[in-house]
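Tertiary structure, described
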Amino acid sequence: MDSEGAGGIFQYALHTPPQHARMHRLFLIQELLCIICEHVRNDPTGSITAGRTLASLARTSKVFHHVATSALWSRLDGLTPLLRPLASDLTFAAADTTARPQPALVLQRPLRIAEWEIFRGLARRVEHLCVHDPAWPVDVSIVLSLCHPPTKSPLFPNLKSILWNDERAETFSFIRTLSGPTVTSLAISITNDSRKWHIPELGILASLPYLCPNVTEVTLPTNAFCTTFSSISEALCAWNHLTKIKCGAIEGAALAHLAKQPALRKLSFNMLNNMGLGLDLSLPSGAFSCVRDFEIHTANLSFLDAFLNRLGGSPASLHVLVDTNPPPTSITSLFTTLRRFSNTQLRDLSLRLMTPPSPRVMPVSAWPHLYSFSLNDTAGWRVKSGITQIGLIAMLDCCPNLQKLCIALNTNAFIEVPSDREGIENTAVQTLGLADSLIEARATVAVAAFLSDIFPNLTTIVAWDSVHGMNKVRAQERKWWLSDNDGESEACALSQG
């Protein structure tokens, strides 16, 4: 980043390019210039590199200037680039009293009409806005001032997506200024789970479906609204064209409403304790028939069983996280329910249970199209795995298309490298996760030889650190075991209810 900071690249692009000799006729094709600039915009090396390249293209010639400048301003991280081109006496960098990379910009006076015109001219080019850039923050005074532009027209008339990541409660009203009928993607990403949401903020949340009626993809906080999940439920029910939803806890009535939405393709939600009771009556038969991807965080398996049994269609991806420690009978029941997807195109299955199932109850053969299977990848298995090398080979034989696998492996039988090592070979698997598998030092060579034989195209192995990772999971295990009795009793009561 240059000395001008976050706005330096953008100011550099605003200068009129010099007059050059006539360029090749190929570069007079507008569509080609747009493809070039879009390719630069999506540079995998990072947004800073992409910004510098686009700024240079904008200065190359008048042919590139308009297209490159539009691409440069189309995606913004933070509001600082919009403020840099304004008068130097408008803002100043406040004395930094925190550990921020940069001090926050503070407003010294109100914006003049001419400055508003410059700001609106730049904002007109923005299509995707991430509101807060931690590296170049702005003070609350700036955000609140931008809430009241001297115009009835939208401040960002071409905005398509909003990522609201400003943790400060007093700035949330600015999201109304950003909202409009052009917005199709709205994400409210708040990482502070202890933050309190007050009535005015919940009122703003409730108004968003009417300010942004054409939203198709929405992300709402997964934990911040957990005590007021009715606000999330009401907002979700007010949108009619949603294709992708990621949210926290929602009410059963909202879930029943979403179950009938024909456009919905991806659903991620939480279900709190007791909220799933009576689900058999509230969800229609063949619910979520068009949804292909599910991410479900539930407190108990009783809700999950009821939910899966009401699903219609054929999901391609299913990710499940269960909080409590269910009894073995409930785990067996879950895998029995999952068998109903044996004739579907289920390709991605991820389960996180406090206690992993016995290999005998895992019907891997029921999902021949799986390309990704993960069991307790981050939660750990807590007990010695029952999956031996024989069980692993049988699993691979049932799922020939498997590309990513994460399980814990029992290596007790790995004593020495056998002389005859011919056997099954899976050339599709490229990523292998071993979670908290315990591999004895004496078995290291034998395990390595076995894995290299059956996974010749393996590129990545993910396993927990032998010291720090294991210490961390053991500390978590002690907490789990303390709550096991309560969790198991509650799960049994719910499953019998």
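Read on for a plain summary of the structure. (Residues numbered from 1 in each chain as written. Predicted model: local features only at pLDDT ≥ 70, side-chain atom pairs only at ≥ 80, totals over all residues. Heavy atoms only, no water.)

Contact geometry for helix α13 (residues 301–310) and helix α14 (residues 328–338): axes closest at 10 Å, N-to-C directions at 15°. Comparing their axes, α14 and α13 come out roughly parallel. Handedness of the crossing formed by α13 with α14: left-handed. Here L301, L304, D305, L308 and N309 of α13 lie close against α14, whose contacting residues are S330, I331, S333, L334, T337 and L338. A breakdown of the residues in the contact of α13 with α14 according to their chemical character gives six nonpolar, four polar and one charged. (Axes fitted to C-alpha atoms, helices over the stretch in contact; angles between N-to-C directions. Helix = DSSP H or I, 4+ residues; strand = E, 2+ residues; numbered from the N terminus. Parallel < 35°, antiparallel > 145°, perpendicular 65-115°, else oblique. Left-handed = near helix turned anticlockwise from the far one by under 90°. Contact = heavy atoms within 4.5 Å. Nonpolar A, V, L, I, M, F, W, Y, C, P; charged D, E, K, R; others polar.)

What follows is about the environment of V140. When you line up the elements, V140 lands in helix α7 (residues 140–146). Residue classification places V140 among the buried positions, given a relative accessible area of 16%. C-alpha separation for the pair V140 and T171, spaced 31 residues apart in sequence, amounts to 6.4 Å. If we skip the residues at most four places from it in the chain, V140 touches R168, E170 and T171. (Buried < 20%, exposed > 50% of the residue type's maximum accessible area, 1.4 Å probe, protein only.)

Scanning all chains against the criterion turns up zero disulfides. No disulfide involves C398; its sulfur sits 6.0 Å from the nearest other cysteine sulfur, which is in C399. (Disulfide = S-S within 2.5 Å.)

This part covers the pairing of strand β12 (residues 348–352). Where burial is concerned, most of β12 is hidden: four out of the five residues are buried. Pairing analysis gives five bridges linking strand β11 (residues 317–322) to β12, with the strands arranged parallel. Bridging from a neighbouring strand, L321 pairs with R352 of β12. One crossover worth recording links β11 to the parallel β12 by way of α14, and it is right-handed. Judged from the four bridges that link them, β12 and strand β13 (residues 372–375) form a sheet pairing that is parallel. Each residue of the ladder has a partner; that of S350, found in β13, is S374. (Pairing = 2+ DSSP bridges. Right-handed = clockwise from strand over helix to strand, strands pointing away.)

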